[in-house]
Amino acid sequence: MSAIAPDAVVPTARKPSIFNDRRRLAIFLLGIGSGLPYAVVTGTLNAWFQAAHISTATIGVLAWSSLAYSFKFLWSPALHKTAMPMFKRFGLRRSWFFPLQALNALCFLGFSLLDPHTSLLAIAGVAVVAAILSATFDIVLDAWRIETARDQADVDALSTLYQAGYRSAAFIGGAGALILSDHIGWQPVLAILGVIMALALAGPIIAPEPPRPESAGAHVSALEAKHARPTLAQDYSVAWRNIVLAIVVLGWAWAFWTLGSFMIASLIHPDAGTAGAFTVSMGPLIVLATVFTPAFGALWLMRERAHPVTISMPAFPPKVQGVADAMFGAIIAPMLELISRLRWVSLLALGIILSYHFPHTVWGSFAYPFYMGNEHGALGHTQSEVAFASKMIGVLATIGGIALGGFLLRWMGRMPALTIACMVASAANLFFADLAIGAPMMNAFLGFTHLDFLFTPFGERGYSVAQLTFAIAGENITIGFASVVYIAYLTSIINPKFATVQAALLGSLTILIGQLGKPALGELIETQGFAYVFTVTAIIGVIPVILCGIEWWREWSKQRQEAASAAAPAE
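Bear in mind the structure is a predicted one, so any value in this text is a computation, not a measurement. (Residues numbered from 1 in each chain as written. Predicted model: local features only at pLDDT ≥ 70, side-chain atom pairs only at ≥ 80, totals over all residues. Heavy atoms only, no water.)

Some words on the packing of aromatic side chains
Part 1 of the argument: Tallied over the full model, the rule gives 23 aromatic pairs.
Part 2 of the argument: Taking 6.0 Å as the distance between ring centres and 90° as the angle between the ring planes, the aromatic pair formed by F370 and F432 counts as edge-to-face. You can see F370 sitting in helix α15 (residues 367-372) and its partner F432 sitting in helix α18 (residues 429-436), a full 62 residues away along the chain.
Part 3 of the argument: Centroid distance F445 to F470: 5.5 Å. Interplanar angle 70°. Geometry classified as edge-to-face. Here F445, found in helix α19 (residues 440-449), pairs with F470, found in helix α20 (residues 462-493); they are 25 residues apart in sequence, far enough to count as distant.
Part 4 of the argument: By relative accessible area, which is 36% here, F445 ends up partly exposed.
Part 5 of the argument: The class of F470 is partly exposed, set by a relative accessible area of 22%.
Part 6 of the argument: Ring pairing ties together the aromatic residues W363, F370, Y371, F432, F530 and F534, which thus form one cluster.
Part 7 of the argument: A cation over an aromatic ring shows up here: R241 above the ring of F328, its NZ or CZ 5.8 Å from the ring centre. (Phe/Tyr/Trp six-rings, centres within 6.5 Å; stacked < 30°, edge-to-face > 60°. Helix = DSSP H or I, 4+ residues; strand = E, 2+ residues; numbered from the N terminus. Buried < 20%, exposed > 50% of the residue type's maximum accessible area, 1.4 Å probe, protein only. Lys NZ or Arg CZ within 6 Å of the ring centre and 35° of its normal.)

Structure, rendered in structure tokens:
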């Protein structure tokens, strides 16, 4: 047995980096594969439509193409232990990466071959497919990122590199596409984005398959071990679980069919019906089917547990019942646990969740038409100017708002910060209402501060670019602030044992109302103008402010009562 000399240099393992750990290079590239489709489907396509002079009402209808991102939690349980057919030899996770990303690259190339003037329905169809593929890719990527990590520090490192890739893709698909389209046109730009997506296939190629348990007794994957949680399924009869789940699934299927049918009909026959009338007549029913049906189902199960009602129905085959249980865990169980724990406060929480982000998310699809259009009070900026103001300075402003939100959250507490953030984020819509009527307030601000001198490189366009930049920066600061405190609020009401499914469900509900309202808002812009719409959305923001104020008062009263009880002398 040999000994090591005292003065010998013992080699140490190299610190993992993107250069010597293929997992880290892989997740950076996978982040690009995740972020680029989202940037294109939810933003870049709208800029393309605006450049092609597609009406704002039609752009609002097309916004429904991205609904898959809101409901991806529905099919996430099916991907947990299922490999992609024909690609199983690559492993459980890798079997999905390559085909999904390759198909999305083909979607981008498909966009480049279509003309919005003659093939709008085909573009919408490709966008729906791209959104579904991208949302599914995100589900698998989240699982791969957690399963492949070796420890918590590795989780943080992989998450950071994923964000770096995702944000890089957002910059490429946002600012990069806008600037380049000014010089070569949109269809070549979309083809280039498809090529970038194809080059990023190096990520799935070099990504290692996470280690899987091989011993007969190890039935729990690394992801399951990390996020193991109890379910409520065993607390309720199988028959009633299946009945409630079937009603909810039918309600959601009806809602998707109704939305899809209206979207297709609107694109084929633009004059056949109006989005406003559809929203007024069908919007409440869609919200009832997608939001309140699961809530009512949860209430019935709670009542049935307290007062059992025996019912008999044929048993499902084991595999079918397994799928039903997984869907129950993804859809009903999160709502069931939330209502059983919060009781009546869950209604207040649901109101806050549905309305909080509505004022500044409902008009997101119309940002490019407002910045670059020439009608209804739009501003008429070039794509390069918008790229600078929105995708460069705007991103920095969002980061600043996030930092401000973190500070105020610690300084004043969660509910005061949530209420104030909601108030200022809703009021920020008035920045754009001001621009739409000639910018009297912004002109006063620039006249007082003389900050427009920073924009002299833009020449005679410098003053108008300054107006746009400061309006976007002001709004993005408030959104960054509101996002931080809203996440803190969601975290406070989520049960850690149900963290994954409750976060997914509540996150979807957060943007649901805004998504449903976009077609009607597009129609309203065409009839009343941008200034009116921005003013109305700011006024609607009073609703979540009031709800947050009620919750703030409720928590404050509860704390006072607890403090008084603690201070009372024992009898």
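Quick look at the nonpolar core
Part 1 of the argument: F49, F111, Y356, W363, Y371, F432 and L509 are the most contacted members of the largest nonpolar core, which has 128 residues in total.
Part 2 of the argument: For this core, the element with the highest residue contribution is α20, accounting for 12 residues.
Part 3 of the argument: Aside from chain neighbours lying at most four places away, what touches F432 is W363, F370, Y371, A471, I472, E475 and F534. (Core = buried A, V, L, I, M, F, W, Y, C linked by side-chain atoms within 4.5 Å. Contact = heavy atoms within 4.5 Å.)

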